Amino acid sequence: MAQWTSAVGAAQLARLLKSQQDRPAGPGARRPPAYRALADGVRLLVLEGRVPVAARLPAERELALAFSVSRTTVAAAYEALRAEGFLESRRGAGSWTAVPAGNPVPARGLEPLPPESLGSVIDLGCAALPAPEPWLTRAVQGALEELPPYAHTHGDYPAGLPALRAMIADRYSARGIPTMPEQIMVTTGAMGAIDAICHLFGGRGERIAVESPSYANILQLMREAGARLVPVAMADGLAGWDMDRWRQVLRDAAPRIAYVVADFHNPTGALADDDQRRRLVEAARSAGTVLVADETMSELWLDDVAMPRPVCGFDPGGSTVITVGSASKAFWAGMRIGWVRAAPDVIRSLVAARAYADLGTPVLEQLAVNWLFSTGGWEQAVELRRRQARGNRDDLVAAVRRELPEWEFTVPEGGLTLWVRAGGLSGSRLAEAGERVGLRVPSGPRFGVDGAFEGYVRLPFTVGGAVADEAATRLAAAARIVESGGAAGGEGPRTFVA
């Protein structure tokens, strides 16, 4: 019986490898032999989770042709990977990826760092801040006071608690988007909302248009649902969407779904303006594409900025736009409450399909969010969150500019992330080198499709003060390792974090 559970095609693997090797070498960097560079490239892909563990690799001859190298080079690379524990082979079954004994199996997304590692590693992987106390404690206490009547029921509310659905609908209406409770479904976080939407509208093999770059965990969710991702490049800097490209993709590819983050885009921080939103809704409606607007960052403006109208404001009935919101970014990642706003018939279909998934969202957490909304605690907690993120942003920007002045970025006016061009260095190799110096940083390709953005890293606004200074110092140390060629060989990282 074969030991592999999936397969990576020669053309796909060659694209991923070339995206790493096309980056210019740093000054004084040692160029490894071709076989060593190939082996290191595969190892990095496995360590980052972009090639799964137990994935069958192409035969030597196939990869040699796709990568334009000799079969001897591929054979030597495979042998090196076997010696390091990153490849296993058996006659008649081929070769498949592995991890050495003692290494955790790589994850495919951006999971939080385990708490036991926080003392020795600075985590710039997860864009989430600690809870805004005392508001978390007060919300839970308020929820406990409201719990007794619900405890006498079965506790399953597939569409969400009626009180919370009505409250969320009222909040949209207050923003100028008339909304009924029947247009709201409460979910287990925004990820749960988008997963439900993808299963309803985007069956296996369906095309989904996504911004390029886009949120790594959502991209992986869509891949694992069997979607065919169609990337649409963002405009330069923080200019939002490139509408010419969007119109072309919607017209030519006719995707079933398009997923966008209009408000302080993750990872770039871009804010789409009113005209872009209106034109994208019109283009999606003409193409028959369901436009999923992720507004989980919409309340995280950090500067004095006039916020555009919500995307759903250009489609108030919800026939084209499905909006996803969440308490996880604006309040606390541990508060796994999200919601969907759509036409009533779409909500009914999502609720009906939910019976075969998770049945409903935890009642106590729904009551806590409802308490925040109904008492004004939400606005005070989010304002605290803005102050935290603003201070962290300013500290991190100053530290990176001081330690790595050649790196390029534009400071966003909101959100939680800084999208950085890493001075011609490989983001994948920076992530690996960061492990050696006690820094967890996600590389650019996690946010792209098929190896794009190798020259970028994403830095979240989750640390400030002296910790931000130390993070930038460690990032500069990782850059020096990559520049010297130290990440191209030798020992691997001591631990792996996604």
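Structure: see above.
Model, not experiment: these values are computed from the prediction.

Asks: Lay out the overall build of the protein chain with the relevant residues and their values.
Replies: The helix and strand tally for the protein chain stands at 16 helices and 15 strands. The proportion of buried residues among the 498 residues of the protein chain is 56%. Counting only contacts in the protein chain whose residues sit at least 6 apart along the sequence, the fraction spanning at least 24 positions is 77%.

Asks: I'd like to hear about the side chain of arginine 341, residue by residue, with values.
Replies: Inspection of the secondary structure assignment puts arginine 341 in strand β12 (residues 338–341). There is a polar contact of 2.7 Å between the side chain of arginine 341 and the backbone oxygen of proline 316.

Asks: Give me the lowdown on the sheet that holds strand β10 (residues 290–294), citing residues and values where you can.
Replies: With mixed pairing, the seven strands of this open sheet are ordered in space as β6-β12-β11-β10-β9-β7-β8. The outermost strands of the open sheet, each flanked by one partner alone, are β6 (184–187) and β8 (228–233). Taking each pair of neighbouring strands and ignoring which way they run, the sheet shows an average axis angle of 20 degrees. As judged from the six bridges shared by strand β7 (residues 207–212) and β8, these two strands associate in the parallel manner. Counted as the bridge partner of valine 210 is proline 231 from β8.

Asks: Would you mind going over the pairing of strand β11 (residues 321–326) in detail, with residue names and values included?
Replies: Across the six residues of β11, six count as buried, placing the element largely inside the fold. Residue alternation in β11 divides its side chains into two sets, Val321, Thr323 and Gly325 and Ile322, Val324 and Ser326, and both sets are buried. With four bridges connecting them, β10 and β11 associate as parallel partners. The partner of valine 292 across the bridge, within β11, is isoleucine 322. Where β11 and β12 come together, four bridges link them in antiparallel fashion. Counterpart to serine 326 in the pairing with β12 is glycine 338.

Asks: Break down the packing of aromatic side chains for me, citing the residues and quoting the values.
Replies: Counted under the stated rule, the structure contains eight aromatic pairs. Consider the rings of phenylalanine 453 and tyrosine 456, whose centres lie 5.9 Å apart with planes at 80 degrees: the pair is edge-to-face. One aromatic cluster is present, built from ring pairs that chain together Phe331, Trp339, Phe373 and Trp378. The ring of tryptophan 135 carries the charged tip of arginine 138 above its face, separated from the ring centre by 4.7 Å. Lying over the aromatic face of phenylalanine 314, arginine 309 brings its terminal NZ or CZ to 5.6 Å of the ring centre.

Asks: Go over the environment of arginine 336, please, and point to the residues and values.
Replies: Its location among the elements puts arginine 336 in the loop between β11 and β12. Each residue touching arginine 336, except ones within four places of it in the same chain, is listed here: Thr187, Thr188, Gly189, Ser328, Thr361 and Glu365. Of note is the side chain of arginine 336, whose polar atom sits 3.1 Å from the backbone oxygen of alanine 333.

Asks: So, the nonpolar core: which residues are in play, and what are the values?
Replies: Trp241, Trp246, Leu291 and Phe331 are the most contacted members of the largest nonpolar core, which has 52 residues in total. Counting residues per element, this core draws most heavily on helix α13 (residues 363–375), at six residues. Among all residues touching leucine 291, those that are not within four sequence positions of it are Ala258, Val260, Leu280, Val281, Ala284, Val311, Thr320, Val321 and Ile322. Judged by nonpolar contacts, the second largest core, of 40 residues, contains Leu396, Val457, Leu459 and Ala478.

Asks: How would you explain the packing of helix α10 (residues 243–252) against helix α11 (residues 274–287) if you had to name every residue and give the values?
Replies: Viewed as axis vectors pointing N to C, α10 and α11 meet at an angle of 10 degrees, and their least axial separation amounts to 9 Å. Here α11 runs roughly parallel to α10, going by the angle between their axes. For the pair α10 and α11, contact is made by Met243, Trp246, Arg247 and Leu250 and by Gln276, Arg279, Leu280, Ala283, Ala284 and Ala287, respectively. The residue inventory of the contact of α10 with α11, partitioned by class, reads seven nonpolar, one polar and two charged.

Asks: Help me get a handle on a nonpolar patch on the surface, residues and values and all.
Replies: On the surface, Val140, Leu144 and Leu364 cluster together into a nonpolar patch covering about 220 Å² of accessible area. Examined against the element boundaries, leucine 364 turns out to sit in helix α13.

Asks: Any details on helix α2 (residues 34–47)? Residues and values, ideally.
Replies: Over its 14 residues, α2 runs 20 Å from end to end, which matches the ideal 20 Å to within 8%, given 1.5 Å per residue. Across the 14 residues of α2, 12 count as buried, placing the element largely inside the fold. Looking only at α2, the buried set comprises Arg36, Ala37, Leu38, Ala39, Asp40, Gly41, Val42, Arg43, Leu44, Leu45, Val46 and Leu47.

Asks: Pulling in residues and values, what's your account of the environment of methionine 297?
Replies: Along the chain, methionine 297 turns up in the loop between β10 and β11. As a C-alpha pair, methionine 297 and serine 328 span 31 residues in sequence and 9.5 Å in three-dimensional space. Contacts of methionine 297, omitting those with residues within four sequence positions, involve Asp263, Phe264, Asn266, Lys329, Gly415 and Leu416.

Asks: Tell me about the packing of helix α5 (residues 135–146) against α13, and please be specific about residues and values.
Replies: Describing two packed helices takes the angle between their axes plus the distance from one axis to the other. Relative orientation of the contacting elements α5 and α13 amounts to 115 degrees, with a least axis distance of 8 Å. The angle between α5 and α13 falls in the class roughly perpendicular. Considering only the axes of α5 and α13, their crossing is right-handed. Each of Trp135, Arg138, Ala139, Val140, Gly142, Ala143, Leu144 and Glu146 in α5 lies in contact with α13, whose residues at this interface are Leu364, Leu367, Ala368, Trp371 and Leu372.

Asks: Explain the side chain of histidine 265 residue by residue, including any values.
Replies: With respect to the helices, strands and loops of the structure, histidine 265 is situated in the loop between β9 (257–260) and α11. Once you skip the residues sitting within four places of it in the chain, histidine 265 turns out to touch Glu211, Pro213, Ser214, Met234, Ala270 and Thr417.

Asks: Let's hear about the pattern of salt bridges: which residues, and what values?
Replies: Here the idea is simple: oppositely charged side chains can pair when their charged atoms come close. Tallying each qualifying case throughout the model produces 27 salt bridges. In this structure, arginine 245 and aspartate 242 form a salt bridge, with 3.4 Å as the shortest nitrogen-oxygen distance. Residue classification places arginine 245 among the partly exposed residues on the basis of a relative accessible area of 39%. In this structure, aspartate 263 and arginine 277 form a salt bridge, with 2.7 Å as the shortest nitrogen-oxygen distance. Of this pair, aspartate 263 sits in the loop between β9 and α11 while arginine 277 is found in helix α11, placing the two residues 14 residues apart along the sequence. Here aspartate 263 matches arginine 277 in class, with each residue buried. Through salt bridges that share partners, Arg36, Asp40, Arg43, Glu84 and Glu432 make up one connected network.

About the thresholds
Residues numbered from 1 in each chain as written. Predicted model: local features only at pLDDT ≥ 70, side-chain atom pairs only at ≥ 80, totals over all residues. Heavy atoms only, no water. Helix = DSSP H or I, 4+ residues; strand = E, 2+ residues; numbered from the N terminus. Buried < 20%, exposed > 50% of the residue type's maximum accessible area, 1.4 Å probe, protein only. Contact = heavy atoms within 4.5 Å. Polar contact = N/O pair within 3.5 Å; in protein donor to acceptor, adjacent residues only side chain to side chain. Pairing = 2+ DSSP bridges. Axes fitted to C-alpha atoms, helices over the stretch in contact; angles between N-to-C directions. Phe/Tyr/Trp six-rings, centres within 6.5 Å; stacked < 30°, edge-to-face > 60°. Lys NZ or Arg CZ within 6 Å of the ring centre and 35° of its normal. Core = buried A, V, L, I, M, F, W, Y, C linked by side-chain atoms within 4.5 Å. Parallel < 35°, antiparallel > 145°, perpendicular 65-115°, else oblique. Nonpolar A, V, L, I, M, F, W, Y, C, P; charged D, E, K, R; others polar. Patch = residues over 30% accessible without salt bridge, like charges linked within 9 Å, V, L, I, M, F, W, Y side chains within 5 Å. Areas by Shrake-Rupley, 256 points an atom, 1.4 Å probe, with all protein chains shown as cover. Salt bridge = Lys/Arg side-chain N within 4 Å of Asp/Glu carboxyl O. Expected span 1.5 Å × (residues − 1). Left-handed = near helix turned anticlockwise from the far one by under 90°.

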